[in-house]
Amino acid sequence: MNDRSELLSQLPLRENLRGLSPYGAPQIDVPIQLNVNENTHPLPPTVVEAIAQEVAKAATNLNRYPDREFTELRELLADYLGHSLTSENIWAANGSNEILQQILQAFGGPGRSLMSFGPTYSMYPLLASGTDTKYVPGVRADDFTLSAESAAQQVREHQPDIVFLCSPNNPTGTALGLDVITAVYDAMSEHNGMVIVDEAYAEFSLSSTKSALTLLEGRQRLIVSRTMSKAFGLAGARVGYLAAAPEVTDAIRLVRLPYHLSAVTQATAVAALKNIELLLAQVEDIKTQRDRIVSHLKELGLQPSVSDSNFVFFGGLDNPHAVWEGLLEAGIIVRDNGIPGTLRVTAGTESETTAFLDRLAELLGAEK
Ligand code: PMP
């Protein structure tokens, strides 16, 4: 035990937090950062200018608390999502991490449980422990797929209060079929449980993939969570949101902190959404780079998963950590999720992607 963890252990920390590690994707300052699935394209200058103007306007009123209901933002988000959703169906928070936390605060907590199907987003168990919700680790098949039958059977066995379905899944990249979501929803209906589909990467999906937004109508306990961090390229602004029945947003209002979305955050998101076409113009290029990575990795004899996201998960590496280090030496950081034989890489700009593919080929050549 180092000095700090010794000191930490002296504090009257909640029992269920003892011995845990915080979320810790490395933030290393290297030229090519392909490790946390950000949009690596900088914002178009027109959007930067629009945000600066809207924020300057908000700054004149910063002596006042912001609109607690962020009405304009909810309206713009509803328009963006379509599917006949209105502002009554929308809630937003500081990143979709906070959305997920608020859902757990409202529907989880002591004596309640959250289930998700690993390998999946590493924050789910941490959000569970932070809200004192029991985490139930569901499993996927060996190839990381999840069938409707298996998911429903695991839900019936454990009867969790909440299920998080990550689609497209982080870290594996592949989306779930809507049959999996409806099967889980039906199994959860037997004990009145909540189902959340985390669609952080939805905008990058293959055209054949359908969003769970199409399932919201008539399903009171279904929530679709989204973010402005990925396709919109606004990870630094911290804006996530959800679409659900209006009464779900009322449940969240019971746990949110008053004025949780700052006036600066609201102004940034509103300005960005007013320029949505410019922002989303990057998505096609990112998908092109993603598809390029998939086909090059196959040529290198590796096994990339089908990707509906802005990243590619690939197996077939004898020594992923050595490859991770070799890339880092060349100023490229990717993600090692600790899954044997695999790494995950975010699709970068064209030149970043080229640098990654060239260095990887070199490293694999050197390994043989
Ligand atoms: N869900 C998934 C699946 C993610 O990968 C991430 C970020 N890596 C998030 C939610 C949270 O993103 P944010 O808080 O930036 O919206």
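Because the structure is a prediction, the values reported are computed rather than measured. Residue indices follow the written sequence of each chain, beginning from 1 at its first position. Local features in a predicted model are, by the rule used here, given only for residues with pLDDT of at least 70; side-chain atom pairs are given and counted only at 80 or more, and totals for whole chains, interfaces and linings are based on all residues. Each side-chain value is derived from all of the structure's non-hydrogen atoms; neither hydrogens nor water enter the calculation.

**Things to note about the overall build of the chain**
What counts here: Every helix listed is a DSSP run of H or I at least four residues long, and every strand listed is a run of E at least two residues long, numbered separately from the N terminus. Exposed residues in this analysis have more than 50% of their type's maximum accessible area, buried residues have under 20%, and partly exposed residues fall in between, with area computed by a 1.4 Å probe over protein chains only. Each accessible area value is a Shrake-Rupley result obtained with a 1.4 Å probe; residue values ignore everything except the protein chains displayed when judging cover. Residues scored as positive are Lys and Arg, those scored as negative are Asp and Glu, and His as well as the terminal groups of each chain are ignored. Charge coordinates come from a single atom per side chain, which is NZ of Lys, CZ of Arg, CG of Asp or CD of Glu.
Within the chain one finds twelve helices and twelve strands. Principal-axis analysis of the C-alpha atoms gives the chain an extent of 60 × 50 × 50 Å. Residues classed as buried in the chain amount to 53% of the 368 residues present. Accessible surface computed for the chain: about 16700 Å², of which carbon and sulfur atoms make up 51%. Of the charged side chains in the chain, 28 are positive and 44 negative, and the gap between their average positions amounts to 5 Å.

**A few points about the site of the ligand**
Applicable threshold: In these notes, residues near a molecule or strand are those with any non-hydrogen atom within 4 Å of it. Whenever a nitrogen or oxygen atom comes within 3.5 Å of another N or O atom, the pair is scored as a polar contact, on the condition that within protein one atom can donate a hydrogen and the other can accept it, and that pairs from neighbouring residues in sequence are kept only if both atoms are in side chains.
Taken together, 13 residues surround the ligand, and among them Ser96, Asp198, Tyr201, Thr227 and Ser229 come closest. Between the ligand and serine 96, the relevant distance is 2.7 Å, taken from an oxygen atom to a main-chain nitrogen or oxygen of the residue. Take serine 229: an N or O atom from its side chain is 2.6 Å from an oxygen atom of the ligand. Compared with its free state, where it exposes 400 Å², the ligand has 94% of that area covered by protein.

**Things to note about the layout of surface pockets**
The line we're drawing: Cavity and pocket criteria rest on a 1 Å grid covering protein atoms alone: a 1.4 Å probe that fits but cannot get out defines a cavity, protein on both sides within 12 Å along at least 5 of 7 lines defines an open pocket, and an atom within 4 Å of a point defines a lining residue. Grid points are joined across faces, edges and corners, and a volume is the space filled by probe spheres set on the points. Here the term charged refers only to Asp, Glu, Lys and Arg, the term nonpolar to Ala, Val, Leu, Ile, Met, Phe, Trp, Tyr, Cys and Pro, and the term polar to all other amino acids, Gly among them. In this document the domain limits rely on a domain assignment from an automatic tool or a database.
Within this model, the largest pocket holds a volume of roughly 750 Å³. Surrounding the largest pocket, 39 residues form its lining, Tyr23, Val36, Tyr121, Lys230 and Arg335 being those nearest its centre. Elements that contribute at least two residues to the lining of the largest pocket include exactly α4 (95–107) and β4 (134–139). Tallying contributions element by element places α4 first for the lining of the largest pocket, with four residues. Split by residue class, the lining of the largest pocket holds 17 nonpolar, 15 polar and seven charged. Per-domain counts for the lining of the largest pocket show at least three residues from each of domain 1 (26–43 + 278–367) and domain 2 (45–274). The computed volume of the second largest pocket comes to approximately 330 Å³. Ala58, Asn61, Ala263, Gln266 and Ala267 are, among the 16 residues lining the second largest pocket, the residues nearest its centre. Looking at the lining of the second largest pocket, the element that brings in the most residues is helix α9 (residues 263–273), giving four residues. For the lining of the second largest pocket, the residue count by class is eight nonpolar, three polar and five charged.

**Things to note about the environment of leucine 242**
Spelled out, the test is: The criterion used for residue contact is that any of the two residues' heavy atoms lie within 4.5 Å.
With respect to the element layout, leucine 242 can be found in strand β8 (residues 240–243). Taking the C-alpha atoms as reference points, leucine 242 and arginine 74, separated by 168 residues in sequence, lie 9.9 Å from one another. When sequence neighbours within four positions are dropped, the list of residues in contact with leucine 242 reads Asn89, Ile90, Trp91, Ile99, Ile103, Ile223, Val224, Ser225, Thr249 and Ile252.

**Some words on the UniProt feature "domain: Aminotransferase class I/classII large" (unreviewed entry) in the chain**
Inclusion rule: UniProt positions are given in the numbering used here, feature names are shortened, and annotations may be inferred rather than shown by experiment.
As recorded in UniProt, the sites labelled "domain: Aminotransferase class I/classII large" (unreviewed entry) are residues 32–360. Helix and strand shares over residues 32–360 are 41% and 16% respectively, and the end C-alpha atoms of the span are 13 Å apart.

**Describing the nonpolar core**
As a reminder, the rule being used: Nonpolar cores were defined as sets of buried Ala, Val, Leu, Ile, Met, Phe, Trp, Tyr and Cys residues, with membership established by side-chain atoms within 4.5 Å.
Formed by 107 residues in total, the largest nonpolar core has its most connected members in Met228 and Phe356. Discounting chain neighbours no more than four positions away, the residues touching phenylalanine 356 are Leu34, Ile293, Leu297, Phe314, Leu327, Ile332, Val334 and Val345.

**Overview of α9**
By the criterion of burial, α9 is predominantly enclosed, with ten of the eleven residues buried. Along α9, the residues that are buried comprise Ala263, Thr265, Gln266, Ala267, Thr268, Ala269, Val270, Ala271, Ala272 and Leu273. Lining the buried residues of α9 we find α2 (45–59), α3 (71–81) and α10 (276–299).

**Description of the domain arrangement of the chain**
Let me state the cut-off plainly: Summed over both partners, the accessible surface that disappears when two parts come together, traced with a 1.4 Å probe, is what is meant by buried area. Salt bridges are defined as contacts in which a side-chain nitrogen from Lys or Arg sits within 4 Å of a carboxyl oxygen from Asp or Glu.
Here the chain is described as being made up of domain 1 (26–43 + 278–367) and domain 2 (45–274). Taking only C-alpha atoms, the centre of domain 1 and the centre of domain 2 are 26 Å apart. Tallying the contact residues gives 24 residues for domain 1 and 31 residues for domain 2. Between domain 1 and domain 2, roughly 2200 Å² of surface is buried when both sides are summed, and carbon and sulfur atoms account for 65% of that area. Interface area lost by domain 1 to domain 2 is led by Leu43, Leu279 and Asp308, which between them contribute 33%. For the pair domain 1 and domain 2, the interface holds zero salt bridges.

**A short note on the UniProt feature "modified residue: N6-(pyridoxal phosphate)lysine" (unreviewed entry) in the chain**
UniProt annotation of "modified residue: N6-(pyridoxal phosphate)lysine" (unreviewed entry) refers to Lys230 when read in the numbering used here. Locating lysine 230 in the fold gives a position in the loop between β7 (222–227) and β8. We classify lysine 230 as buried; its relative accessible area is 13%. Those residues in contact with lysine 230 that lie beyond four places of it in its chain are Val36, Asn37, Asn39, Ala200, Tyr201 and Phe204.

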